[in-house]
Amino acid sequence: MKVIYFDTETTGLNYKFDRIIELAMLTVEDGKITDDYDEFVNIGRDLPPKITQITGITDDDLILRGKDEAHIAEDLKNNLTPGTLMIAHNCQFDLSFVFSLLERHYPDEAYEIVSSLNWLDTVTVLKDRKEFPHKLIDAVKYYGIEEVNFHRAIDDTKALYGITQALKDERDDLREYINIFGYNPKYGVSGFKFSFIEYKRQYFTKRIVDSDYILPRK
């Protein structure tokens, strides 16, 4: 099976108006890392100062080292082959931005591309395992993963790879979470609501839930 661990850094939280400024993908096939992709995206406009403060990414990084968005869209189209398992931490967020980018450049193909894939959200799994909070840095601490430069996409994917292995070692039920995203009923589903994803209400827990009560069975 082809698995892609991926992460995005963006100019903000709104997938309709904000843009991806860094995309990272760590590809694993037959248990081995086969590709390590990390690109800045030249979006043709200045970054909000807050984003530079959080990520360390500057306008010069995007201008001097970034590829244009059309190139990134083509890379995505070529990498996201049908049946690939896509894994992200807070996958709903990253999926919304990836879809939005593809839709700008391949409006007739974008939905078909993302719907032909399988999606796994490690936040959803983590909420059935550990008490709040559930950010990537919290998962790293929970499972003793080596800390990375958080808020840089490529480093986050490497941490995500380790976290996913730890989740599997803890209890081998990740397949049951594929294409199921949990959401906080207080806030609802954020971003684009995809027909191929099943959205389920998910509440906080203080310990790993019994295997009979993991989110897909609730």
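A brief structural summary. If you're wondering where the values come from, they're calculated on a predicted model, not measured in any experiment. (Residues numbered from 1 in each chain as written. Predicted model: local features only at pLDDT ≥ 70, side-chain atom pairs only at ≥ 80, totals over all residues. Heavy atoms only, no water.)

### Brief notes about helix α8 (residues 153-170)
Defined as follows: Numbering goes from the N terminus for both helices and strands, where a helix is a DSSP run of H or I of at least four residues and a strand is a run of E of at least two. Multiplying one less than the number of residues by 1.5 Å gives the expected span of a helix. For every residue, the accessible area (1.4 Å probe, protein chains only) is compared with the maximum for its type, and the residue is labelled buried under 20%, exposed over 50%, or partly exposed between those bounds. We call two residues in contact when some of their heavy atoms are within 4.5 Å.
In a regular helix each residue adds 1.5 Å, so 18 residues correspond to 26 Å; α8 covers 25 Å between its end C-alpha atoms and thus fits that length. When we look at burial in α8, the residues that qualify are A153, I154, D155, D156, T157, A159, L160, G162, I163, T164, A166 and L167. At its buried positions, α8 is contacted by β1 (2-10), β2 (20-29), β3 (32-42), β5 (85-88), α6 (122-127) and α7 (136-143).

### Some details on the side chain of S96
Test applied: Any pair of N or O atoms that falls within 3.5 Å is considered a polar contact. Within protein, one atom must be able to donate a hydrogen and the other to accept it, and sequence-neighbouring residues count only if both atoms are side-chain atoms.
Relative to the assigned elements, S96 resides in helix α4 (residues 91-105). In this structure S96 comes out as buried when scored by relative accessible area, which is 2%. Reaching out from S96, the side chain makes a polar contact with the backbone nitrogen of F192 at a distance of 3.4 Å. With residues up to four places along the chain from it excluded, the contact list for S96 reads Y15, G191, F192 and F194.

### Some details on the environment of D210
Tracing the chain through its elements places D210 in the segment after β8 (198-201). The partly exposed category is assigned to D210, whose relative accessible area is 45%. Remark: the alpha-carbon pair of D210 and D128, spanning 82 residues in sequence, is separated by 8.9 Å. Within polar-contact distance, the side chain of D210 engages the backbone nitrogen of D212 at 2.9 Å.

### Here's the deal with the sheet that holds β2
The following threshold applies: Two strands form a pair only when DSSP identifies at least two bridges running between them. Note on geometry: axes are C-alpha line fits, over the in-contact stretch for helices, and angles between N-to-C directions span 0 to 180 degrees.
Ordered by their spatial adjacency, six strands build an open sheet running β4-β3-β2-β1-β5-β6, and the pairing between neighbours is mixed. Edge positions in the open sheet fall to β4 (67-68) and β6 (118-121), since each of these has one partner strand only. Of the pairings in the sheet, the one linking β2 to β3 comprises eight bridges and is antiparallel in character. The residue of β3 that forms the bridge with E22 is F40. This element, α8, spans β1, β2, β3 and β5 of the sheet and lies at about 135 degrees to β1.

### Topic: unusual backbone geometry
Cis geometry is adopted by the peptide bond preceding P133, which originates at F132 and carries an omega value of 10 degrees. Tracing the chain through its elements places P133 in the loop between α6 and α7. With a phi angle near 55 degrees, D30 is a residue other than glycine that sits in the positive phi range. Examined against the element boundaries, D30 turns out to sit in the loop between β2 and β3. Located in the positive-phi region is N179, a residue other than glycine, with phi close to 65 degrees.

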